[in-house]
Amino acid sequence: MKLKANLLDDKAIKRSLIRISHEIIEKNKGVEDIVLIGIKRRGYPLAERISKQITAIEGVNIPVGSVDITLYRDDLTEDNDMPEIKSLDLGIDITNKKIILVDDVLYTCRTVRAAIDAIIDVGRPTVIQLAVLIDRGHKELPIRADYVGKNIPTSKEEVVGVKIEEIDGEDSVKIYENEV
């Protein structure tokens, strides 16, 4: 793959997450009953960062859980593709809570749909909202993000690469072209 552009550096990612944190507080008229659920892998550290920002702003700790959507993917068709079944535990109680689902990139929306299915299997939240660092378009399902760090129009041939310090050792968002 060939690097096409550096879209966000560590400072731009931090600014986006601060803005998203403020928008979450404003839209929900405070932070009462808010729970952040990060979609594994990169959504979880982003959810933790948003929680820290909200705590800094409001002085209230926001619980953070995670969801592994492996069992809910709709693209596993072969028997040998089926993952080992594990118990679904988000790490926190979500009943009657305002869930803010957090992910790094919104693309086809299938990951988000799977995460919503997993959350509903665990409990009955009051509302589920979606926060993403990058919305790149090309949706296949009628799902939209409530909070977006950056909208990036892409072609389907392009790849958006998000790196998060906690996993990758750096914070960056880059776009790559597939070389033919």
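Look a little higher up for the structure.
I will try to describe carefully the structure that is included in this document. In this text the structure is predicted, and so the values were computed from the model without any measurement.

Analysis parameters
- Residues numbered from 1 in each chain as written.
- Predicted model: local features only at pLDDT ≥ 70, side-chain atom pairs only at ≥ 80, totals over all residues.
- Heavy atoms only, no water.
- Pairing = 2+ DSSP bridges.
- Helix = DSSP H or I, 4+ residues; strand = E, 2+ residues; numbered from the N terminus.
- Axes fitted to C-alpha atoms, helices over the stretch in contact; angles between N-to-C directions.
- Contact = heavy atoms within 4.5 Å.
- Expected span 1.5 Å × (residues − 1).
- Polar contact = N/O pair within 3.5 Å; in protein donor to acceptor, adjacent residues only side chain to side chain.
- Salt bridge = Lys/Arg side-chain N within 4 Å of Asp/Glu carboxyl O.
- Buried < 20%, exposed > 50% of the residue type's maximum accessible area, 1.4 Å probe, protein only.

Some thoughts on the sheet that holds strand E6 (residues 147-151)
By definition, the strands of a sheet pair up through backbone hydrogen bonds, in either a parallel or an antiparallel sense. Within the open sheet, the 5 strands sit side by side as E3-E2-E4-E5-E6. Their pairing is parallel. Two strands bound the open sheet, and with one partner strand each, they are strand E3 (64-67) and E6. Adjacent strand axes in the sheet meet at a mean angle of 25° when their direction is disregarded. As judged from the 4 bridges shared by strand E2 (residues 34-39) and E3, these two strands associate in the parallel manner. Within E3, the position partnered with Gly-38 by the bridge is Ser-66. Sheet strands touched by helix H1 (residues 10-27): E2, strand E4 (98-106), strand E5 (127-135) and E6. Its angle to E6, the strand with the most contacts, is close to 150°. Helix-sheet contacts for helix H2 (residues 43-58) involve E2, E3, E4 and E5, and the interaxial angle to E2 is about 150°.

Considerations on H1
The end-to-end C-alpha distance of H1, which contains 18 residues, comes to 26 Å, matching closely the 26 Å that a straight helix rising 1.5 Å per residue would cover. The opening residue of H1, the one whose side-chain oxygen lies 3.2 Å from the backbone nitrogen of Lys-11, is Asp-9. One or two positions beyond H1, positive phi appears at Lys-29, with a value near 50°.

Some words on unusual backbone geometry
A cis amide bond links Lys-40 to the next residue, Arg-41, at an omega of 20°. Of note, the phi angle at Asp-33 is positive, near 65°, even though the residue is not glycine. Mapped onto the fold, Asp-33 is located in the loop between H1 and E2.

What about the pattern of salt bridges?
In this structure the tally under the stated criterion is 12 salt bridges. The closest approach of N and O atoms between Glu-158 and Lys-4, which form a salt bridge, is 2.3 Å. Here Glu-158 is found in strand E7 (residues 158-163), whereas its partner Lys-4 is found in strand E1 (residues 2-8), with 154 residues between them in sequence. Among the residues examined, Glu-158 registers a relative accessible area of 9% and is labelled buried. One salt bridge in this structure joins Arg-113 and Asp-117, with 2.4 Å as the shortest N-O distance. Of this pair, Arg-113 and Asp-117 are both found in helix H3 (residues 110-122), 4 residues apart, which corresponds to roughly one turn of the helix. Owing to a relative accessible area of 22%, Arg-113 belongs among the partly exposed residues under this scheme.

Bear in mind that shape data such as this cannot, by itself, settle questions of function.
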